[in-house]
Amino acid sequence: MAQITRTGSPGEVSGILPRSSTNTYQYSPFSKDAEKSSIRLIRLLPGYPSSPVVVELVTVPLDPGKIPYYEAVSYVWGTSYQQYEIACDGLSMAVSESALLALRRFRFVDHIRLLWIDQICINQQDDKEKSSQVMLMGEIYGTASQVLVYLGEADDTSDKAMDYISERCAQQEEWPRQFVVQVLSRPWFSRVWILQEVALAHTSLVICGTKCVPWACFPEWWTRNELLLGPEVNPPPVLSYGFSAMKRLTLLQQLHDTRHSKATLALDKIYALLALLQPEDRIGVLVDYSLSTAEVYTSVAKSIIERTKSLAILSGKEEKPYVERERLPSWVPDWGTVPSAVSLGLANKYLDPFDAGGKPACRVNISIPLNGPPTLHCLGITFDTVKKLTLSTMRPGQDAATNNVEVLTDWLDLISGSSSSVVSETADYLIGQFNQNLRGVSSYSRSPSQPPKFAYSLWTTIQALSTPTLQLEPAELHARNNRGEPTSETLKFCYERKLFLTQSGALGLGPPDLLQGDTVAVLLGAPVPHILRRLPSSEQNNSTNVYALVGECFVDGIMAGEALNHLQDQLTEMGHRCRTFAKSCSNAPLETFCIQ
């Protein structure tokens, strides 16, 4: 492993004065011809660790045949509002502490280093320039001779951790693994921008203090130690999937997979992914920092729906509909918020696929008026109405066991009072599945060796199991549904969701904001059913069904398209495809929903 050796300590910021000079650097805008094909680079002048940082800005064409050897910097801006002073072309320029420390760490003592670093090379006060330069970011990192990843300065354990990572071997003792986990917990790993910065680089070097390790060592170390770390340690998004596969994902898939990644600006949750997309998936998505977050998120949602002819994006809906104090339409996900529940429609790729609404989304129309809420017009059926629901929800984690026992009791109380034969006979069977893990439920003690009639309903609902693709005999169906004791994996879809019963006795899992009287709708082109709530304006005009989207839901018995079976002929004429069944579970007519 390479080690950076120099005298002094670039990590010491003492003696660095907060910005105070009035002779500040003023950017010269790119010429009209060059603004979309040229970039700025900094010439980082030589200096010792304790000397002031001095740079010169140069403009170069972003052409692999003409651009000089340069390195691109990947780092974290930081959250501190304190700014520090460097000299740029003889004038004062303000930078963040993290940028200053990175420049001091990368500076040579005896020769110039040519770098690209966004905080200096882009005029951050010019939204037009920032928009055009961000569109070039993928090319900037892809053209750079190498990418320098700056994690920050060393702490008490980071040097040892970087040594362990460079060895790329399984760490049998716990404490070396914990040192590495501390490094992987640094803010850089949670940034959404790093995905393209590392994925598109020819080579990347990771620097932490004086230690320098090739990026390739990091995913290799994780692969060899993941099982030893245990399920409670989640990988950073940048380590959780391969870059070659990531570059083949659609924008919707990447937005979902990077939901936990962070960005200072909500707009960057989208803009940071554009360089990783296939050209055909970028249509209609342009970088424009002059637009509001609500405008961009709505435009992107519209583009995704129209391009994919699918309503799968509705499964990205979260509990908080506000972005930067602007009200988003209920059908537009807020990608800056992490939902409390695991998405049914976007996160079930390792299970039997849900296909409640068939394919494609026929006759979808999205209107975005100048005055008025953006509205999604789509076809579907009103399957049922929520009659009863629980107020409590299960939670993941070892510390939630007591809570989950109480929740399970509430769920059993809900179905025990129901007259529906689909759910009334399942309580004993459910406890039989849970009693190995959830102690303390003593009022339901019988656990039949063979499940009674309809006993699968609640258990399959809790596990969110779709209708089998294969025709299974009763014993085979029992083996499929009875997958052993409950685990975090088998229960992940029921966490943070409410159990509910519909008017007809169907059982389901709904979003945390579920209310009695909400509509259970199956929308054409949506992989799962959705909960809709009629808006007050709709009550005054019964001819128009205007709703807000509350969230996705699971309803046992309709997750593979069963609720649309009676409309097969009508849907076929429209060019819509859905699975056929021997029986129909609904007779609801096709209607247009207006969702705002």
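Fair warning: this is a prediction, and the values are worked out from it, not measured in the lab.

Things to note about the side chain of Asn 565
Mapped onto the elements of the fold, Asn 565 is located in the loop between β20 (554-555) and α20 (568-573). Here Ser 584 takes part through its side chain, which lies 3.3 Å from a polar atom of the side chain of Asn 565.

A look at the nonpolar core
The biggest cluster of nonpolar side chains holds 119 residues, and the ones touching the most others in it are Trp 116, Phe 218, Ile 270 and Tyr 271. Among the elements that take part in this core, helix α13 (residues 293-308) stands out by supplying 7 residues, more than any other. For Trp 116, the contacting residues outside a window of four places in its chain are Ile 39, Arg 40, Leu 41, Tyr 70, Glu 71, Ala 72, Val 73, Cys 121, Ile 122, Met 137, Ile 140 and Tyr 141. Ranked by size, the runner-up nonpolar core spans 24 residues in total, among them Ile 381, Leu 514, Val 522 and Leu 564.

Section: the environment of Lys 492
Here Lys 492 is to be found in the loop between α18 (474-481) and β15 (498-502). Along the sequence, Lys 492 and Pro 396 sit 96 residues apart, while their C-alpha atoms lie 7.5 Å from each other. Those residues in contact with Lys 492 that sit more than four places away from it in its chain are Val 342 and Ala 347.

Re α13
Here α13 contains 16 residues, and its C-alpha end-to-end distance of 22 Å stays within 8% of the 22 Å for a straight helix at 1.5 Å per residue. Within α13, the full set of buried residues consists of Thr 293, Ala 294, Val 296, Tyr 297, Thr 298, Val 300, Ala 301, Ser 303, Ile 304 and Ile 305. Trailing α13 by a residue or two, Lys 309 shows a phi angle of about 50°, which is positive.

Considerations on the packing of helix α6 (residues 174-184) against helix α8 (residues 217-229)
Where α6 contacts α8, the two axes come as close as 12 Å, and the packing angle between them is 125°. One finds that α6 runs oblique with respect to α8. Crossing of α6 against α8: the hand is left-handed. Here α6 contributes Arg 177, Val 180, Val 181 and Leu 184 to the contact with α8, which in turn contributes Phe 218, Trp 221, Trp 222, Asn 225, Leu 228 and Leu 229. Counted by class, the contact of α6 with α8 contains 8 nonpolar, 1 polar and 1 charged residues.

About the cut-offs
- Residues numbered from 1 in each chain as written.
- Predicted model: local features only at pLDDT ≥ 70, side-chain atom pairs only at ≥ 80, totals over all residues.
- Heavy atoms only, no water.
- Helix = DSSP H or I, 4+ residues; strand = E, 2+ residues; numbered from the N terminus.
- Polar contact = N/O pair within 3.5 Å; in protein donor to acceptor, adjacent residues only side chain to side chain.
- Core = buried A, V, L, I, M, F, W, Y, C linked by side-chain atoms within 4.5 Å.
- Buried < 20%, exposed > 50% of the residue type's maximum accessible area, 1.4 Å probe, protein only.
- Contact = heavy atoms within 4.5 Å.
- Expected span 1.5 Å × (residues − 1).
- Axes fitted to C-alpha atoms, helices over the stretch in contact; angles between N-to-C directions.
- Parallel < 35°, antiparallel > 145°, perpendicular 65-115°, else oblique.
- Left-handed = near helix turned anticlockwise from the far one by under 90°.
- Nonpolar A, V, L, I, M, F, W, Y, C, P; charged D, E, K, R; others polar.

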